[in-house]
Amino acid sequence: MCEPKSIERRGLPYLIEIATNLFPIWILIGMILALFSPSLFSWYATGKVLGTSLIVWGLAVIMLAMGMTLSWQDFRY
């Protein structure tokens, strides 16, 4: 059995680990806000950065954040 990673319980690495592990919660909060108040996110559907839709950039950030939560053990089986 694999022992959990030990990490120092203070400092920036710890805060980053907490934010990364809570990523599904951030997505759920955004989904609920968009469901009940879509006007908060209307700028997102029409905006562009470097000629590319913000939706494409948003999906790229989401996929990157999800990938950052993976470890080599996740690909083992």
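Preceding this paragraph is the structure being described.
Rules used in this analysis
Each chain has its residues counted from 1, following the order in which its sequence is written. Thresholds applied to this predicted model are a pLDDT of at least 70 for local features of residues and 80 or more for the giving and counting of side-chain atom pairs; totals over whole chains, interfaces and linings are not thresholded and use all residues. Side-chain numbers here rest on the full set of heavy atoms in the structure, without hydrogens or water. Strands here are runs of E lasting at least two residues and helices are runs of H or I lasting at least four, both read from the DSSP assignment and numbered beginning at the N terminus. For this analysis, residues touch if any pair of their heavy atoms sits within 4.5 Å. Helices are assigned an expected span. That span is 1.5 Å times one less than the residue count. In this scheme, a residue with accessible area under 20% of its type's maximum is buried, one over 50% is exposed, and one in between is partly exposed, where area comes from a 1.4 Å probe on protein chains only. The arc in question is the one traced by the directions running from the helix axis out to the C-beta atoms. Distance thresholds for patches are 9 Å for like charges and 5 Å for nonpolar side chains (Val, Leu, Ile, Met, Phe, Trp, Tyr), applied to residues having over 30% relative accessible area and no salt bridge. Computed by Shrake-Rupley with a 1.4 Å probe, the accessible areas treat only the displayed protein chains as cover when residues are assessed. Note on definitions: salt bridges are taken to be side-chain nitrogens of Lys or Arg within 4 Å of carboxyl oxygens of Asp or Glu.

## Topic: the environment of Phe23
Following the sequence through the fold, Phe23 ends up in helix α2 (residues 23-36). As for Phe23 and Ile62, which are separated by 39 residues in sequence, their C-alpha atoms are 9.1 Å apart. Residue contacts for Phe23: discarding those within four places in its chain leaves Ile62, Ala65 and Met66.

## Concerning helix α4 (residues 54-68)
For α4, which comprises 15 residues, the first-to-last C-alpha distance of 21 Å matches the rise-based estimate of 21 Å (1.5 Å per residue) to within 8%. Among the residues making up α4, those that are buried are Leu54, Gly58 and Ala65. The arc that holds every buried residue of α4, seen down its axis, measures 40°, which confines them to one face. With respect to the buried face of α4, the exposed residues turned more than 90 degrees away are Met63 and Leu64. On its buried face, α4 sits against α2, α3 (42-46), β1 (48-49) and β2 (52-53).

## As for a nonpolar patch on the surface
A cluster of nonpolar side chains, Leu12, Leu15, Ile16, Ile18, Leu22, Ile25, Trp26, Ile29, Leu33, Leu40 and Phe41, forms an exposed patch at the surface whose accessible area comes to about 990 Å². Of note, Ile29 is situated in helix α2. The exposure class of Ile29 is partly exposed, given its relative accessible area of 42%.

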